[in-house]
Amino acid sequence: MDEQFDILVIGAGHAGVEAACAAARLGARTGLVTLSIEAIARMSCNPAIGGMAKGHLVREIDALGGVMGRVADDTALQFRRLGGKKGAAVRSRRCQSDMALYSQTMRRVIESEPKIHLRQDRIDRLIVDGRKVLGGQGLSGRRYLAQATILTAGTFLRGLLHVGLTHFEGGRLGDPASNSLSQHLAELGVPLGRLKTGTCPRLDAKTINYQSLEIQPGDENPAFFSFETEPHAVDQLPCHITYTNERTHEAIRRGLDRSPLYTGVIKGVGPRYCPSIEDKVVRFPERTKHQIFLEPVGRGSAEVYPNGISTSLPLDVQIDLVHTIPGLERAEIVRPGYAVEYDYQDPIHLQPNLETKALENLFFAGQVNGTSGYEEAAAQGLVAAVNAVHKIRGFAPFILRRDQAMIGVLIDDLVTKGTQDPYRMFTSRAEFRLLLREDNADLRLTPLAGEIGLVAPERAAGVAAKSDAIDRERQRLENTFVRPVAGVLDWLRDHGSAPIHNKTSLADLLRRDELDYAAIASLDEQRPPLPHEVVEQVEIQITYSGYLERQNDDARRLREAEAVVLPDDLPLADLPGLSAEAVDKLRRVKPRTLGQAARIPGITPAALQVMMVYLHRQQRGRGSVEAIDPSE
């Protein structure tokens, strides 16, 4: 009845599949236990991958050898590039996905990996020896033993679904909750909180009047997620746009007395940045309309996802509000919208490698850490798996820095600041976002992935060759000059660009807002043929060179702070100048480095200086904490 693995992954949602695949790529025998094999990587909410900042995460997952980007490309219904009119730092990819095909394709990926052993069971308890986790106990009676365990329970821990004042147990509609495991974690001392999320009612496409609605087509040239996806044509399906109105809002207000959200039935904290439609109406009474995207869920399905009207109102109210919306006057609801409450672990109780502080060899990843979104979950799953494998092999933790990856920002935010509501990734959370663009994720992360074995050597070599080509072309443009002769001056005038008075490099011309790489081709007789992805990087790196240099300088200062490791036995309470509040926060987070301590809300520069002086004294052999003078 016992099975032995190197790594055990509990849950096969977006975090679980990425964790299992990463562990297997590193050569670990991996057990993947899920409540339902048919629900692997199911899109429980919206039928889409990517979006603002989330697209960055998917590209980084792909650069690290992950599978989300490839599966998204293979199962997409429509591609859109967001933020195209903004700077390079915020541009993001998004695709509408065939929900059923995405899950089926991910299942094929899992089942084709020989080192992943898929099992359908419900883990009710962990197998624990003292404070060490040795695996999980299944409802079937089978024990799944492992050197390290990754818990990716999503919304299933004590999951409770709400439709109006009716509520019932479940991790999502149609799937059971995991109550025993939640209770067991609490008994083991894992601190749990309560969060809430929700989803929209699903509509029958046959009952929607599309004639009066605005069409939103896909991009003519799809921007794929995976760096390995070859450009190809995609038969894209359109989305449609409609809006709520005052009649919709009035229907919602009439139903608030039966809303679980506004009658106090729901205790969990909901998402701040993706509120339900009733929350929007109550919190923003001045808004006369809210946008709704009607998104198809699959090529072979008549089901439509009305993105923008997530709700837990009673079904009769849902029907009424839907029928007030243009184009949806006769729309039939296939599945009601609902809210789900669930237990989560505040990620402040995790170490930077995503191992819980309460128990050894137990890693947490995904929504169970208080995040929202498939992409945030998948990113955590990959990192948790690498760290689980590294721990059992005695390797150093795999920690992505804030200047190295959006994934690094995500995880550092979680373990340093914690979260009291579902965390969503934004580019604005990254202080080095110009360095962390989605277009250069492979240049940043694939070499690292090659070093630790997450990608094949051939792929890492290909990225190294691309990097060399970019550097050569940048240097060539910096060292190729034009002079202020008649032909050049005429060309500049014709292109609306100021004249030059001295010899000027092509790189300096490229830095002008009105000129780009394609435009200056006629001045560049020695230009070599280069692939689009190299040209894109050359153009961005030269255009933003000044800003990039400043951010690289700031990143160097961050790395210096991160290099100052705080010892576990730092006598916080004895350090003069540290307030009781600072001591409490430092003890709660247990920062690994001085840089991490600086990012804890409420930790002042003076407190950091006190710790720096103490560490300096320790290095000099003067360990006394008496009369620390910050002027030292």
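Residues numbered from 1 in each chain as written. Predicted model: local features only at pLDDT ≥ 70, side-chain atom pairs only at ≥ 80, totals over all residues. Heavy atoms only, no water.

Caption draft 1: Main features of the pattern of salt bridges. All told, the structure shown has 49 salt bridges when counted by the stated rule. The network of salt bridges with shared partners includes Arg-402, Asp-412, Asp-413, Lys-417, Glu-431, Glu-562 and Arg-599. (Salt bridge = Lys/Arg side-chain N within 4 Å of Asp/Glu carboxyl O.)

Caption draft 2: Geometry of the nonpolar core. With 127 residues, the main nonpolar core has Ile-49, Ile-150 and Ile-407 as its most contacted residues. Of the residues forming this core, the biggest block, 11 residues, is contributed by helix 9 (residues 374-393). In this view, Ile-150 contacts Ile-7, Leu-8, Val-9, Ile-10, Ala-19, Phe-363, Ala-365, Ala-384, Ala-385 and Ala-388; residues no more than four positions away in its chain are not counted. (Core = buried A, V, L, I, M, F, W, Y, C linked by side-chain atoms within 4.5 Å. Buried < 20%, exposed > 50% of the residue type's maximum accessible area, 1.4 Å probe, protein only. Helix = DSSP H or I, 4+ residues; strand = E, 2+ residues; numbered from the N terminus. Contact = heavy atoms within 4.5 Å.)

Caption draft 3: Inspection of the confidence of the model for the protein chain at higher detail. Predicted confidence across the protein chain gives a mean pLDDT of 94, with 98% of residues reaching 70 or more. Below pLDDT 50 for its whole length, residues 624-632 participates in 22 contacts with residues either more than four positions away or in separate chains. (pLDDT = per-residue confidence, 0-100.)

Caption draft 4: How the structure looks around the environment of Gly-193. Secondary-structure assignment places Gly-193 in strand 12 (residues 192-199). Overall, the relative accessible area of 22% leaves Gly-193 in the partly exposed class. Not counting residues up to four positions away in its chain, the partners in contact with Gly-193 are Tyr-342, Asp-343 and Tyr-344.

Caption draft 5: Representation of the sheet that holds strand 18 (residues 333-335) within the structure. The 6 strands lie next to each other as 14-15-16-17-13-18, forming an open sheet whose pairing is antiparallel. Taken across any chain shown, the strands that pair with only one partner, and hence form the sheet edges, are strand 14 (214-216) and strand 18. Pairs of neighbouring strands in the sheet enclose a mean axial angle of 40°, with direction left out of account. Where strand 14 meets strand 15 (residues 239-243), 3 bridges bridge the pair, whose relative direction is antiparallel. Counted as the bridge partner of Glu-214 is Ile-241 from strand 15. (Pairing = 2+ DSSP bridges. Axes fitted to C-alpha atoms, helices over the stretch in contact; angles between N-to-C directions.)

Caption draft 6: Expanded view of the sheet that holds strand 4 (residues 76-82). In space, the 3 strands of this open sheet follow the order 3-5-4, with antiparallel pairing throughout. Edge positions in the open sheet fall to strand 3 (48-50) and strand 4, since each of these has one partner strand only. Between one strand axis and the next, the sheet turns by 20° as a mean value, whatever way the strands run. Examined bridge by bridge, strand 3 and strand 5 (residues 92-97) share 3 bridges and lie antiparallel to one another. When the sheet's bridge partners are listed, Ile-49 is paired in strand 5 with Cys-95.

Caption draft 7: Quick look at the state of the cysteines. Inspection of every chain in the model, using the stated rule, returns 0 disulfides. As a non-bridged cysteine, Cys-95 has Cys-239 as the owner of its nearest cysteine sulfur, 11 Å distant. Looking at the unpaired Cys-274, the closest cysteine sulfur is the one in Cys-45, lying at 6.8 Å. (Disulfide = S-S within 2.5 Å.)

Caption draft 8: Structural detail: the environment of Leu-213. Relative to the helices and strands, Leu-213 resides in the loop between strand 13 (202-204) and strand 14. With 29 residues separating them in the primary sequence, Leu-213 and Thr-242 have C-alpha atoms 6.2 Å apart.

Caption draft 9: Region of interest: the pairing of strand 1 (residues 2-10). Where strand 1 and strand 9 (residues 143-151) come together, 8 bridges link them in parallel fashion. Its bridge partner being in strand 9, Glu-3 is matched across the sheet by Tyr-144. Sheet topology places strand 1 next to strand 2 (residues 30-34); 4 bridges connect them, and they run parallel. Bridge pairing links Val-9 to Leu-32 in strand 2. Considered for its hand, the β-α-β crossover made up of strand 1, helix 1 (residues 14-25) and strand 2 is right-handed. (Right-handed = clockwise from strand over helix to strand, strands pointing away.)

Caption draft 10: The packing of helix 12 (residues 457-478) against helix 15 (residues 532-543), seen in detail. As a packed pair, helix 12 and helix 15 sit with axes 9 Å apart at the nearest point and diverge in direction by 50°. One element, helix 12, and the other, helix 15, form an angle in the oblique class. Here helix 12 and helix 15 pass one another in a crossing that is right-handed. Touching Lys-466, Ala-469, Ile-470, Glu-473, Arg-474 and Leu-477 of helix 12 are Glu-533, Val-534, Gln-537, Val-538, Gln-541 and Ile-542, all from helix 15. The residue inventory of the contact of helix 12 with helix 15, partitioned by class, reads 6 nonpolar, 2 polar and 4 charged. (Parallel < 35°, antiparallel > 145°, perpendicular 65-115°, else oblique. Left-handed = near helix turned anticlockwise from the far one by under 90°. Nonpolar A, V, L, I, M, F, W, Y, C, P; charged D, E, K, R; others polar.)

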